Amino acid sequence: MNTAKTIQTSKAPKSFGFFDFLYKYGTLITIALLIIVFGVMSDSFLQPSNIINILRSISIVTIIAIGITISLSVGGFDLSVGSVASFANALVISMFVWHGQGVWMSIILTILICLTAGIINSFMIVKLKIQDMLLTLAMMFVFQGIAQTYTKGATLSQNMIMPDGSFSTGIISPMFAKIGQVPWIIIIMLVVVAIVHVFLTYTKHGRYMYVIGGNREAAKLSGIPVNKYRVAAYLLSAVFAAIGGIILGARVMTAEVNSGAPYLMDSVAAAYIGFAVLGAGKPNAIGTFVGAVLIGILQNGLVMLSVPYYAMDIVKGTVLAFALAITYYKAK
Amino acid sequence: MGEGKPIKLQMKDISIEFPGVKALKNVDFMTMTGTSHALIGANGAGKSTLMKVLSGAYGHYTGEIYIDDEPVQIRNPKDAKDLGIQIVYQEVDTALVPYLTVGENIMLDYSVNDMGKKQVVSWGYIHKRSKEILDKMNVKVPSKKLVSELTLAEKQMVLIARAISKTCRFLILDEPTAPLSHSETEELFRIVRDLKQEHVGVIFISHRLPELFEICDDITVMRDGEFVVNESMREINQNQVVEYMLGRKLGDQFPQMDIQKGETIFEIRNFSDGEKVHDINIHAKRGEIIGIAGLVGAGKTELCKALFGLGRANSGDIILHGKKLRLRSPHDAVKQGIALVPEERRKEGILVGESVATNLTAVNLKKFSRMNLFLNFKKEKEAAREIIQNLGIKTPGENVRLQNLSGGNQQKVAIGKWLMTEAEVYIFDEPTKGVDVGAKKDIFELIFQLAQRGKCIIYASCELSEMMGITDRMYVLYDGMIAKELQTSETNEEEILFYSTGGK
């Protein structure tokens, strides 16, 4: 994906016309409009409990989308995050249920194992020079398969029936469950957004990543170790996908088959919507968070308006298409 | 193929303008079928533009074109092809479809224009016909091979085959020999001679004078978009051609400064990049501006990039301050004190979507960060402003995206970023390409200032006047090798051109 590059070549805005205004503030205006519309149509929408509900519902999407944002910032694209999240979910629950590990051990082991996914991705992309999107698409299936093989296609939970007929004895620590509950789940999300925002915007390394995403050739000729940063981006992407998967596990306390897969599209949408927020014109953490908020509000509001869950994808897909339209129309 | 009787092609009074530039001014051109005609001029003389007019790529010219004294209209490529005028461009890859076979590529025009109502491709016909053409050219390339598997020379043959697959009375070859090896060039010449026998008129653009004398019957020289002379090859010699090609000098553009030269700090010994450049030996003193002269395709860019750690199979020694450098990547080169301002600035030198400040500090962010991690925006802004002022970069502010600046100012940013870091050796590859005269002067002054601060400058350019104006000493590159080392004060443009066109 050369999204960032495409935007680079965009012509300068000669006049600050209506479209530029829309590009900069469109997402925020849309969010405001949605809040007004849903607020008017449903009494409970603006209740504090519902707002917390929305934030809780987007936290996993946001964290996974932050990983995608980092891969986008170096001009790459990581499609394998959904599968990595599924795998992390299965791993972390299995650590408790099958292996009787403690909270920290389970989380650290899960992240370390998922890091190998990032290592494989970056090795294939950087060394074998496979196109990012194609490779991560392939790896999406590989990791999905690994996760399913690991769980033997079963749903993992406390007291689950093991293949030999006995019941598992491991217990999921109540402390772990806390991670998936308010307020911790929201706090973790906000911390992740803040850290990555500071990293991308205020550190040397973030700047290098944007430079690489903006023009890889120029970055190389400026003496930036391009491949090191691309590897780092895919490792970070895998780490955030793993964190997303772990929190998902904490929230539902089970590991279903392909549990992380549905988060992929929402995350991609959030990251792309984020491009345009406040006219950044490039992947950025705050924008990604705003994108996730937009999707979360949309989803929550539509549920309240009794739109059936099976029609939800139509709306979400349309929003993504619209966000892409704004980004690429601008890029023309 | 053309008929027995020679046909005359005439272009009269051709002018063409592009926004801001008058590329051709009342140019006349005349050639016949059955002969080969050389078209020559320095870079930017308008040779390629004239041939693009003739092949229908530029429809908005003024003037007349006659074939056998009949006026004809050529406003698009189809007009030209219908009249039997075919062109093979220098960049062969732009005209070929790599994942189709040789046969399909040769018969591309047929598939696009001559299939009529037929919907089904006849593979038998395509391969039979393309094999016929290849056999006639005596070229041994299997018609069922994929184009992506061909060498550059073979691709060129495929394009020539495509050109003569239709009526071909005039064939334009735009710098066909630049990327070819010696034996491949010989093969091309054989085909050109065969085509002449077949009554095709070949128009041959090249920078290499000796080969023009070998293959061409007549010559037209252009300079600065104007016609200079049309002569028979027999009536003219290499020195005369060079004289015709040279324009007026731009001497006063260059700053006059006496720069103290120091000791030799940079040396290149027996250097080769394993592909294009070989046996390079260069040495440079502090404060010295070394020119790398040579025509397009001589290997200047390849040399510059290889010195910056980009070659894949470099051999030989690069020595700075008596220490042998190991340059595996540009990252190493920058760390060791080498800077490169690349030729393709939009592609390789700058980030058009980022601000001026981001561009200027990209090379040395360490200097603008606290604890080597967090960016110091204030310091970055101050440094950017200083550079903007020193270089006279015309921008509304340091936060403006680079795409809003003119080419010359973009180039100044591309150079300016290297001033933020303390390099010892600055390599410039065609720094004035696409830059207007005013900005050119600023860039020259900048280079002089660097030299004054005791830096080594390596300045690669195909502009002879710049070589004369800015360098202290130069190496003339021809075909990837140093043909001659010249002291600028003891040479002239003619001599440089003589060596860059293969003179011995």
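These numbers were taken from a predicted model, which means no experiment stands behind them.

Residue and element names in this part refer to chain A. Mapped onto this structure's residue numbering, the UniProt feature "transmembrane region" (unreviewed entry) falls at residues 21–42, 54–72, 79–98, 104–126, 133–150, 182–202, 231–254 and 309–329. With 95% helix and 0% strand, the stretch residues 21–42 has end C-alpha atoms that lie 30 Å from each other. Helix makes up 100% of residues 133–150 and strand 0%, whereas the separation of the span's terminal C-alpha atoms amounts to 25 Å.

Now for the sheet that holds strand 13 (residues 289–293) of chain B. All names here are of chain B. The six strands lie next to each other as 16-19-20-13-21-22, forming an open sheet whose pairing is mixed. Edge positions in the open sheet fall to strand 16 (338–341) and strand 22 (481–487), since each of these has one partner strand only. Strand-to-strand, the axes of this sheet are offset by a mean angle of 20 degrees, without reference to chain direction. Of the pairings in the sheet, the one linking strand 16 to strand 19 (residues 425–429) comprises four bridges and is parallel in character. Paired with Ala 339 across the strands is Tyr 426, a residue of strand 19. Against the sheet, helix 18 (residues 493–500) touches strand 13, strand 21 (473–478) and strand 22, its axis set at about 35 degrees to strand 21.

With that out of the way, let us pick up the packing of helix 12 (residues 261–276) of chain A against helix 13 (residues 285–304) of chain A. When two helices pack together, their arrangement is given by the angle between their axes and by how far apart the axes lie. Residue and element names in this part refer to chain A. The geometry of helix 12 relative to helix 13 is characterised by a closest axis approach of 7 Å and an angle of 125 degrees between their N-to-C directions. Overall, the two elements helix 12 and helix 13 adopt an arrangement that is oblique. In terms of crossing hand, the pair formed by helix 12 and helix 13 is right-handed. The segment helix 12 lies against helix 13, with Asp 266, Ala 269, Ala 270, Ala 271, Ile 273 and Gly 274 engaging Gly 287, Thr 288, Gly 291, Ala 292, Leu 294, Ile 295 and Gln 299.

Time to look at the domain arrangement of chain B. Quite often, the size of an interface is put as the accessible area lost when its parts meet. Residues and elements named next belong to chain B. When the domains of chain B are assigned, the result is domain 1 (1–84 + 166–251), domain 2 (99–165), domain 3 (263–337 + 423–504) and domain 4 (352–421). Here domain 3 and domain 4 have C-alpha centroids that lie 26 Å from each other. Listed by partner, the interface residues are 14 residues for domain 3 and nine residues for domain 4. Both faces considered, domain 3 and domain 4 share a buried interface measuring about 1000 Å² in area, 71% of it formed by carbon and sulfur atoms. On the domain 3 side of the interface with domain 4, the three residues burying the most area are Val 334, Tyr 426 and Leu 446, jointly 36% of the side's total. For the interface between domain 3 and domain 4, the tally reads zero salt bridges. Ranked by residues supplied to the side of domain 3 that touches domain 4, first place goes to helix 16 (residues 437–452) with five residues.

Counting residues at the interface gives 28 residues for chain A and 34 residues for chain B. Regarding the contact of chain A and chain B, the summed buried area is about 2500 Å², with carbon and sulfur atoms giving 56% of it. Counting every contact that joins chain A to chain B gives two salt bridges. Measuring nitrogen to oxygen at the nearest pair gives 3.3 Å for the salt bridge that ties Glu354(B) to Lys282(A). If one sorts the elements of the side of chain A that touches chain B by residue count, helix 9 (residues 204–214) of chain A sits on top with seven residues. Looking at side-chain class alone, the side of chain A that touches chain B contains 11 nonpolar, 11 polar and six charged residues.

Take a nonpolar patch on the surface next. Among the surface-exposed residues, Phe21(A), Tyr25(A), Leu28(A), Ile29(A), Leu33(A), Ile36(A), Val37(A), Val40(A), Met41(A), Leu278(A) and Leu305(A) lie close enough to one another that they form a single nonpolar patch of about 990 Å² accessible area. As for its position among the elements, Leu278(A) is in the loop between helix 12 and helix 13.

Here is what the cut-offs are and how they apply
Residues numbered from 1 in each chain as written. Chains lettered and ligands numbered in written order. Predicted model: local features only at pLDDT ≥ 70, side-chain atom pairs only at ≥ 80, totals over all residues. Heavy atoms only, no water. UniProt positions renumbered as here; feature names shortened; annotations may be inferred. Helix = DSSP H or I, 4+ residues; strand = E, 2+ residues; numbered from the N terminus. Pairing = 2+ DSSP bridges. Axes fitted to C-alpha atoms, helices over the stretch in contact; angles between N-to-C directions. Contact = heavy atoms within 4.5 Å. Parallel < 35°, antiparallel > 145°, perpendicular 65-115°, else oblique. Left-handed = near helix turned anticlockwise from the far one by under 90°. Domains from an automatic or database assignment. Buried area = accessible area lost by both parts, 1.4 Å probe. Salt bridge = Lys/Arg side-chain N within 4 Å of Asp/Glu carboxyl O. Nonpolar A, V, L, I, M, F, W, Y, C, P; charged D, E, K, R; others polar. Patch = residues over 30% accessible without salt bridge, like charges linked within 9 Å, V, L, I, M, F, W, Y side chains within 5 Å. Areas by Shrake-Rupley, 256 points an atom, 1.4 Å probe, with all protein chains shown as cover.

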